[in-house]
Amino acid sequence: MAEVQIQIEAEESITPHENTPLLKNPDETQVPNRPDDKETCLDKTLQRLDFFLSFLGFNNQSSIWSFLLSWALFLAIGVFLPIVVLELSNCPGCEKDQIKSFEIGIVISQACLAAASLICLSHNLRKYGVRKFLFVDRYNGHVERFSDQYVQKISDSMRLLVLWVLACCLLKTAREIIRIMYVRHESWWQSAAILLAFVLSSTFVTTIILSACVMFHLVCNLQIIHFEDYGKLLERESDVVVLLQEHARLRYYLSKISHRFRIYLLLQFVIVTINQFLTLFQTTGYKGIITFINGGDFAVSSIVQVVGTILCLNAAAKISHRAQGIGALASRWHALMTCTATESSQLRTSNSMANLETAYKSGSFNNDYSESDLESLDFITAPTNVQLASYMSSYHKRLALVMYLQANPGGITIFGWTVDRSLINTIFFIQLSLVTFVLGKTIVVTAE
């Protein structure tokens, strides 16, 4: 395994036009280098994705000036704009419909989560670029059979992002419109400006938060393509060494994904947990009446945070269970190969014996056998030691591969903890215990 690890790390330093994939279909021919003026659909899709991320400030921090501009825009729109609007929108008699402490707490919580997303994703994009970040660079120019699936996965992820951002934007707009109907300002122009400022800030921060979650979701979905291809490879490939090397490559890329995203996932879980419990403390500790008008932003921010967490957990658990399922596929492949080899050997032996019995009954063989005839009969009915040794050697190789795959399933990990269904159940019950603890400390039922 150390030699495989060293070989994979050495391949990372090779330029994309020299980095050939480990496996190729025999019916596929190598595609020559494309001219620069002929861009494939995958190239155009990656360019649009890179432009979108740069527009949000993820991939726009290569120099000190772009770094300052990106963070200045984020702080201006995501933090200072809603706080300034809250200070300017004070009006007499509207304290019940607009609780400033609630609003400021929501702005800070959303800004913290967006800042964590911006820092972690920008670091990876600046270090690796979009292609290597998505792990599509190693197939560029050599294997074109995954290009259509890559484009489909990227398009589905972008549609998912647009859907959730649009839903959160509409919910925020509806909430602000309802609040404007109860919180009267000096003029309708001022009310419209406040509405646009709140909606713009919330949509910008929401897009940053969900974009980071969708990018992690996309990286995991792209790796699912290769695990599905590995399952098909078991059906057509019998070389155990090739299967072992390809699985080592898949595990290596999963470990790289885990290493790149572990800080982001950990920060997201911690920030979302803290925000939800602060929200629970604020809502249960407030002595007044909380309605959709004065507390609707709690629902909007909670939806954004929970949706982002679910996207990350779903993607991580999906790729982890797909990696763990390779062991079951390999066990089935080993059983089929063993049974097929045994049945074919028995079939050859039974056919030989049946032919001999038929010949004996028909009188084709006389009772006077020579020594050479008996030797030929023994050779037909019994396998040689070479055939038996070859069969046992392939059997033990397949068995060793199955044991290796079952002992090294792989998956997305956070500092050694594999993100699968068991970890998700653990997180759920920990959160439920904390919620009941907070409710037990804040809600008091008195007997009349």
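Scroll up a little and you will see the structure.
Parameters at a glance
Residues numbered from 1 in each chain as written. Predicted model: local features only at pLDDT ≥ 70, side-chain atom pairs only at ≥ 80, totals over all residues. Heavy atoms only, no water. Phe/Tyr/Trp six-rings, centres within 6.5 Å; stacked < 30°, edge-to-face > 60°. Lys NZ or Arg CZ within 6 Å of the ring centre and 35° of its normal. Salt bridge = Lys/Arg side-chain N within 4 Å of Asp/Glu carboxyl O. Helix = DSSP H or I, 4+ residues; strand = E, 2+ residues; numbered from the N terminus. Buried < 20%, exposed > 50% of the residue type's maximum accessible area, 1.4 Å probe, protein only. Contact = heavy atoms within 4.5 Å.

Q: With reference to specific residues and values, describe the packing of aromatic side chains.
A: Per the counting criterion, the structure on display carries 9 aromatic pairs. Between the aromatic rings of Tyr 252 and Tyr 253, the centroid separation amounts to 5.7 Å while the plane-to-plane angle is 75 degrees, which identifies the pairing as edge-to-face. If you follow Arg 260 out to its NZ or CZ, it ends over the ring of Tyr 128, 3.6 Å from the centre.

Q: Hey, could you go over the pattern of salt bridges for me, with residue numbers and the actual values?
A: All chains considered together, the criterion is met by 10 salt bridges. As a salt-bridge pair, Arg 175 and Glu 103 come within 3.1 Å of each other at their nearest N and O atoms. You can see Arg 175 sitting in helix 5 (residues 147–182) and its partner Glu 103 sitting in helix 4 (residues 100–134), a full 72 residues away along the chain. Of the residues examined, Arg 175 reaches a relative accessible area of 0% and is grouped as buried. A salt bridge links Arg 179 to Glu 103; its shortest N-O distance comes to 3.4 Å. Of this pair, Arg 179 sits in helix 5 while Glu 103 sits in helix 4, and the two are 76 residues apart along the sequence.

Q: Talk me through the environment of Leu 56; I want residue IDs and the actual numbers.
A: Inspection of the secondary structure assignment puts Leu 56 in helix 2 (residues 41–56). For Leu 56, a relative accessible area of 7% corresponds to the buried category. Remark: the alpha-carbon pair of Leu 56 and Thr 207, spanning 151 residues in sequence, is separated by 8.2 Å. If we skip the residues at most four places from it in the chain, Leu 56 touches Leu 118, Thr 207, Ile 208 and Ser 211.

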